[in-house]
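Next come the chains, spelled out residue by residue.
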Amino acid sequence: MHKAPSGSHKLPAETTHGDVAKILRGAGLRPTRQRVALAHLLFASGDRHVTAESLHEEALARKVPVSLATVYNTLHQFTEVGLLREVAVEGAKTYFDTNTSNHYHFFCEHSGRLLDISTGAIRIEGLPEAPEGMTVSRVDVLVRLVEKPGR
Ligand SMILES: [Zn+2]
């Protein structure tokens with residue numbers, strides 16, 4: 001079993017909107033009602049991977065009146081201030097991760113779900129030296145999954 005690495009913004013389930021507002025202020029964002037509502041959905045239930053579409057659906061289901069464009073902008077704002085990490089999946093939607101620590105992902109091509117792989121489970125060797133004047137900021141690894149044939 002892979003143990004998911006813990007993120008820095010994980011909050012207990014009973015997290016209040018006030019706690020979330022504090023996190024937003026701490027990140028330099030004004031805690032507007034929509035930001036607080038979306039941050040609460042994102043950060044109050046452990047590590048998550050969401051797309052703008054999935055978070056929008058969830059918001060509507062919880063009666064949070066918000067447009068898809070606002071969800072999209074908010075996710076990007078949260079990413080800019082380091083509350084979320086963007087995970088690029090080529091040929092798919094953009095995913096946002098509430099676990100901002102350095103870790104890798106499984107991507108299930110059938111369901112479109114991302115799953116965490118702990119950093120220690122993959123070792124990267126022979127990484128080339130960065131060109132002059134540059135330094136490696138991070139390495140992304142995406143392990144793509146399909147169902148076994150015959151299932
Ligand atoms: Zn992740």
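Everything below is about the structure shown above.
Residues numbered from 1 in each chain as written. Predicted model: local features only at pLDDT ≥ 70, side-chain atom pairs only at ≥ 80, totals over all residues. Heavy atoms only, no water.

A closer look at the pairing of strand β4 (residues 104–108)
Stated precisely, the cut-off is as follows: Only protein chains enter the accessibility calculation, which uses a 1.4 Å probe; a residue is then buried when its area is under 20% of its type maximum, exposed when over 50%, and partly exposed in between. Here a strand is any run of E in DSSP of at least two residues, a helix any run of H or I of at least four, and the numbering for each starts at the N terminus. Should DSSP find at least two bridges between two strands, the strands are taken to pair.
Counting buried residues along β4, 5 of its 5 residues qualify, which places the element largely inside the surrounding structure. Of the two faces of β4, both are covered, the one formed by Y104, F106 and C108 as well as the one formed by H105 and F107. Sheet analysis places β4 next to strand β5 (residues 114–117), joined by 4 bridges and oriented antiparallel. Directly across from H105, in β5, lies its bridge partner D116. Hairpin connection between β4 and β5: a loop of 5 residues separates the two successive antiparallel strands, and G112 in this loop has a positive phi of roughly 75°.

Digging into the coordination of the zinc ion
Inclusion rule: Shown as donors are all N, O and S atoms within 2.8 Å of a metal ion, widened to 3.2 Å for Na, K and Ca; because water is not in the atom set, sites may appear incomplete.
Surrounding the zinc ion are the protein donor atoms H49 (NE2), D97 (OD), H103 (NE2), H105 (NE2) and D116 (OD), which sit 2.0 to 2.2 Å from the metal. Donor residues for the zinc ion sit on one chain with the sequence pattern H-x47-D-x5-H-x1-H-x10-D. In this structure, D97 and H105 share a single accessibility class: buried.

Section: helix α1 (residues 17–26)
The criterion, for reference: Note: the arc covers the axis-to-C-beta directions of the helix. In what follows, a contact means two residues having at least one pair of non-hydrogen atoms within 4.5 Å.
Within α1 the residues assigned to the buried category are V20, A21, I23 and L24. With its buried residues spanning 160° around the axis, α1 presents them on a single face. Facing away from the buried side of α1 by more than 90 degrees, the exposed set consists of K22, R25 and G26. Residues of α1 that are buried in the fold lie against α2 (33–43) and α4 (68–80). Two residues or fewer after α1 comes G28, characterised by a positive phi angle close to 85°.

Observations regarding the sheet that holds β4
This is how the line gets drawn: Think of each axis as a best-fit line through the C-alpha atoms, taken over the contacting stretch in the case of a helix, with angles from 0 to 180 degrees between the N-to-C directions.
Spatially, the 3 strands line up as an open sheet ordered β5-β4-β6, and their pairing is mixed. Looking at strand neighbours, the two that pair on one side only are β5 and β6 (142–145), the edges of this open sheet. Taking each pair of neighbouring strands and ignoring which way they run, the sheet shows an average axis angle of 25°.

Observations regarding the side chain of H105
So the rule is basically this: Pairing of N or O atoms within 3.5 Å defines a polar contact, subject to two protein rules: one partner must be a possible hydrogen donor and the other a possible acceptor, and residues neighboring in sequence count only if both atoms are side-chain atoms.
Position of H105 among the secondary structure elements: in strand β4. What makes H105 buried here is its relative accessible area of 2%. Within the local environment of H105, its side chain forms a polar contact with the side chain of H103, the two groups lying 3.1 Å apart. Within the structure, the side chain of H105 is placed 3.1 Å from the side chain of D116, a separation counted as a polar contact. Setting aside its immediate chain neighbours within four residues, H105 contacts H49, R85, V87, D97, L114, L115, D116, I117, V141, L142 and V143.

Section: the packing of α2 against α4
Filter applied, for reference: Angles below 35 degrees are treated as roughly parallel, those above 145 as roughly antiparallel, those between 65 and 115 as roughly perpendicular, and all remaining angles as oblique. All amino acids are sorted into three groups, where Ala, Val, Leu, Ile, Met, Phe, Trp, Tyr, Cys and Pro are nonpolar, Asp, Glu, Lys and Arg are charged, and the leftover types, Gly among them, are polar.
Two numbers describe how α2 lies on α4: the axes approach to 11 Å, and their chain directions differ by 70°. By the angle class used here, α2 and α4 are roughly perpendicular. Of the residues in α4, those touching α2 at Q34, R35, L38, A39, L42 and F43 are T70, V71, T74, L75, Q77 and F78. Here the residues of the contact of α2 with α4 sort into 7 nonpolar, 4 polar and 1 charged.

Thoughts on the sheet that holds strand β1 (residues 49–50)
The 3 strands lie next to each other as β1-β3-β2, forming an open sheet whose pairing is antiparallel. Strands at the two margins of the open sheet, each flanked by one partner only, are β1 and β2 (85–87). Sheet topology note: the β1/strand β3 (residues 95–97) ladder contains 2 bridges and is antiparallel. If you follow V50 over to β3, its bridge partner there is F96.

Examining the nonpolar core
The condition that has to hold: By convention a nonpolar core is built from buried Ala, Val, Leu, Ile, Met, Phe, Trp, Tyr and Cys residues, the set being connected through side-chain atoms within 4.5 Å.
By size, the foremost hydrophobic cluster in this structure holds 24 residues, and its most contacted members are L24, L42, L55, L75 and F78. Elements with a contribution of two residues or more to this core: α1, α2, α3 (52–61) and α4. In terms of residue count, α2 provides more of this core than any other element does, 7 residues in total. The residues touching L42, leaving out its near neighbours within four places in the chain, are R48, V50, L55, L75, F78, L84 and T98. Core analysis: the next-biggest nonpolar cluster, separate from the first, contains 5 residues, V87, V89, Y95 and F107 among them.

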